[in-house]
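# Examination of the molecular architecture
Below, each chain spelled out in residue letters.
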Amino acid sequence: MRRAILPIALILVLIAGCSEGPDPTPTSVAPTGDEPQFGGVIRGVNESGTFSLDNLFTSQFSTRNVAAHMYETLTTFDDDYAIKPQTADWEVSGDGTDYTFTIREGLLFHDGSPVESEDVRQCLDRYIQTTGPTTTVGIMWGELDNIETINNKSFRISFKRPVPAIVNAFGAMAGRVPIMMPKELCETDPNESVETYIGSGPYQLKEWVRGDRVELERFEGYVARTEPTSGFAGKRHAYADEIHILEIPDPTTRLAGLQAGQFDYVAELSLDFYNTVKDDPNINVIINEPGVRPFIWFNNINPPTDNVMIRRALVASWNHEDALIAAAGGLEEFYTVCGVITWCVDSPEIRHSQLTRGLEHYNPNDKTRALEMAEQAGYDGELIIINASQDVPTLFNVSQVFFENMKDAGFNVELASRDHAANEVKIQEETGWNIAVVTNSWANAIPLRFRTAMTFTFASRFQASDRMLEVAREMVFATDNNQLIELLNEHQELSYLEAGCCHFVGQVKTMTATRSNLKGFTPHSVMFLVNSWLEQ
């Protein structure tokens, strides 16, 4: 078994929207074998189904698992989470307000057209629109002065004040990812998905059988960078002829297929099977640390969860530790009971033990009091619908526990089970749901304040208070660490009092598994099978 080792000194997550699912976490280095081998088809199982391959349209993580092979971003991260060039190199002016980018020579889209400044400019414009003004990236874009095209290969982005984290945002691996497409495609309404999928990455779309699989094939016109391969950065190799990304919703079928050699990679294998596979010589097990943070996303438009006191009453009925035990397959070493709004590990900026405000509301686990609170707030037996993603074990198990908790407390509650792709569509609707269970995860090396500032201020069917939005903005530009800690504490308290998005359940490690003959693969919570090959 290979266990993730993640330096605490790494900086934390940017998620450009309240998104589900795990995010980039370099874990361990899988066996590399001898010399890389070309050819063959790598078959990987996605964490859930997907309804779009447009990662500028949806923050669904299963979409990112496909898009990572097809598209490139302006910047990216290496093994040490240092920000590196990908589509373009850049220079920063002395005052930190101007960023001049130069697209690498010879880079082509899959239709054979060159990647040029106007393509990038249009895609950045769509990115700005999809992120929303109250997200972290939206706050940074609020300081934008101008985007100027210098020539076909160079452009300049100017801000009113220094925004150093913007180059990190351009390399985002989660949320609404700023992928590069031809200008005509990025002219698509940001509220609609493109239906033609053309990127500039090492693999191009061969066929998409919706609900079954996405087939990618090597793009022979791909022009790689020349630097040594490191994480997502440097030279990218397309050793496999094709990569097939499959939708296998049933956890037992995932396990059986992996054991039989039908699948080479499984993005998320239920921790229920940990003891089954950990000693199998034909399987490499990777424990993603620190893993994911399941959180609750309330619909505060649809009654009865439009009432903040009813939302707080529902929270009071939940047993967070039982939910975490279920999510972790009953394995105590794989979950952490923790209610802070940051990760339950320390970062260079803050120790999570410094965040204390509001934690009295984290896990009251008082079913009698919960119903009393709700009835005092006017609850009269209205139906409460909790979405359950049946193809994502971590989310489904948390949903089941909280459903039982609310039912036992006396609430009228329904568990609406569907696949995660359908739930991603559902939460865009105003009615038909009250509670969604989603996740965020350790991702993109950009300071903790940026992830936290965004997470609680922008989500479908939830609107943060004016003060929460104000605190989020102050966090993004805070320069004093003591001030940052105070802002994080206030943000945490507000998140519990407003009971909207997002109420964290705790922290759960996740399990990825591969066949032992998959080589050149660096375990990561993003499915990234570029640079991988099958040992014959």
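Residues numbered from 1 in each chain as written. Predicted model: local features only at pLDDT ≥ 70, side-chain atom pairs only at ≥ 80, totals over all residues. Heavy atoms only, no water.

### Topic: helix H14 (residues 466-477)
Three or four residues apart is the spacing at which side chains of an α-helix point the same way, because the helix has 3.6 residues per turn. As a reminder, the rule being used: Helix numbering and strand numbering both begin at the N terminus, where a helix is a DSSP run of H or I of at least 4 residues and a strand a DSSP run of E of at least 2. In this scheme, a helix's expected span is set at 1.5 Å multiplied by one less than its residue total. Under the scheme applied here, a residue whose accessible area is under 20% of the maximum for its type counts as buried, over 50% as exposed, and between as partly exposed, the area being computed with a 1.4 Å probe on protein chains only.
The end-to-end C-alpha distance of H14 is 17 Å, a good match for the 16 Å that twelve residues give at a rise of 1.5 Å each. Taken together, the buried positions of H14 are Met468, Val471, Ala472, Met475, Val476 and Phe477.

### Some points on the sheet that holds strand S5 (residues 88-92)
The condition that has to hold: Two strands pair if DSSP finds at least two bridges between them. In this analysis, axes come from line fits to C-alpha atoms, helices being fitted only over the stretch in contact, and the angle between any two N-to-C directions falls in the range 0 to 180 degrees.
The antiparallel open sheet is built from four strands, whose spatial order is S5-S6-S8-S7. Strands with a single pairing partner mark the edges of an open sheet, and in this sheet they are S5 and strand S7 (144-151). Each strand of the sheet is rotated relative to its neighbour by a mean of 20°, with strand direction disregarded. Pairing of S7 with strand S8 (residues 154-159) involves six bridges; the strand directions are antiparallel. From the neighbouring strand, asparagine 151 faces S8, where its bridge partner is serine 154.

### Some points on the pairing of strand S15 (residues 384-389)
For clarity, the cut-off: By convention a crossover is right-handed if, when the strands point away from the viewer, the path from the first strand over the helix to the second runs clockwise.
Summarising burial for S15: six of the six residues are buried, a large majority. Of the two faces of S15, the one carrying Ile384, Ile386 and Ala388 and the one carrying Ile385, Asn387 and Ser389 are both buried. The pairing of S15 with strand S16 (residues 413-418) spans six bridges and is parallel. Following the sheet pairing, serine 389 is matched in S16 by arginine 418. Handedness of the crossover joining S15 and S16 through helix H11 (residues 393-409) is recorded here as right-handed.

### Section: the environment of asparagine 412
Stated precisely, the cut-off is as follows: For this analysis, residues touch if any pair of their heavy atoms sits within 4.5 Å. Between N or O atoms, a polar contact is any pair within 3.5 Å; within protein, one atom must be a potential hydrogen donor and the other a potential acceptor, and residues adjacent in sequence are included only when both atoms are from side chains.
Here asparagine 412 lies in the loop between H11 and S16. You can call asparagine 412 partly exposed: its relative accessible area is 35%. For the pair asparagine 412 and leucine 383, spaced 29 residues apart in the sequence, the C-alpha separation amounts to 5.1 Å. With residues up to four places along the chain from it excluded, the contact list for asparagine 412 reads Tyr379, Gly381, Glu382, Leu383 and Ile384. Within polar-contact distance, the side chain of asparagine 412 engages the backbone oxygen of glycine 381 at 3.1 Å.

### Some details on the environment of leucine 534
Tracing the chain through its elements places leucine 534 in strand S21 (residues 533-534). Spatially, the C-alpha atom of leucine 534 lies 8.0 Å from that of glycine 39, the residues being 495 residues apart in sequence. When neighbours within four sequence positions are excluded, leucine 534 is seen to be in contact with Gln37, Val41, Ile42, Asp264, Asn517 and Leu518.

### Focus on the pattern of salt bridges
For clarity, the cut-off: Salt bridges, as used here, are contacts in which a Lys or Arg side-chain nitrogen is within 4 Å of a carboxyl oxygen on Asp or Glu.
Under the counting rule described, the total for this entry stands at 23 salt bridges. With a closest N to O distance of 2.6 Å, lysine 183 and glutamate 187 form a salt bridge. Here glutamate 187 falls in the partly exposed class, since its relative accessible area comes to 44%. For aspartate 212, the salt bridge is made with arginine 213, and the minimal N-O distance between the two is 2.6 Å. Each of the salt bridges in this network shares a partner with another, and the network as a whole consists of Glu207, Asp212, Arg213 and Glu215.

### Structural notes on the packing of helix H9 (residues 320-327) against H11
Our working definition: Take the far helix as your reference; a near helix turned counterclockwise from it by less than a right angle gives a left-handed crossing, and one turned clockwise gives a right-handed crossing. Each residue gets one of three labels, nonpolar for Ala, Val, Leu, Ile, Met, Phe, Trp, Tyr, Cys and Pro, charged for Asp, Glu, Lys and Arg, and polar for the others, Gly among them.
Put simply, H9 and H11 touch, their axes get as near as 8 Å, and they point 145° apart. H9 and H11 meet at a crossing whose hand is right-handed. Residue-level inspection shows His320, Asp322, Ala323, Ala326 and Ala327 of H9 in contact with H11, the latter providing Thr394, Asn397, Val398, Val401 and Phe402. Taken together, the residues of the contact of H9 with H11 sort by class into six nonpolar, three polar and one charged.

### What to know about the packing of helix H8 (residues 308-316) against helix H15 (residues 481-498)
Describing two packed helices takes the angle between their axes plus the distance from one axis to the other. Cut-off, in case you're wondering: Here the word oblique covers every angle except those under 35 degrees (roughly parallel), over 145 (roughly antiparallel) and from 65 to 115 (roughly perpendicular).
Two elements in contact, H8 and H15, have axes whose closest approach is 8 Å; the angle formed by their N-to-C orientations is 100°. Comparing their axes, H15 and H8 come out roughly perpendicular. Residues Val308, Arg311 and Arg312 of H8 pack against Tyr496, Leu497 and Glu498 of H15.

### Observations regarding the state of the cysteines
Stated precisely, the cut-off is as follows: Count a disulfide wherever a pair of cysteine sulfur atoms falls within 2.5 Å.
A complete count under the given rule lists two disulfides for this structure. Here cysteine 123 engages in a disulfide with cysteine 186; their sulfurs sit 2.1 Å apart. The sign of the S-S torsion, about 90°, decides the handedness of the disulfide formed by cysteine 123 and cysteine 186: right-handed. Here cysteine 123 is found in helix H2 (residues 117-131), whereas its partner cysteine 186 is found in helix H5 (residues 183-186), with 63 residues between them in sequence. The buried category is assigned to cysteine 123, whose relative accessible area is 1%. Given a relative accessible area of 2%, cysteine 186 falls into the buried group. Linked covalently through their sulfurs, cysteine 338 and cysteine 344 form a disulfide whose S-S length is 2.2 Å. On the sign convention where negative means left-handed, the S-S torsion of about -110° between cysteine 338 and cysteine 344 marks this disulfide as left-handed. When its relative accessible area of 10% is taken as the criterion, cysteine 344 is described as buried.

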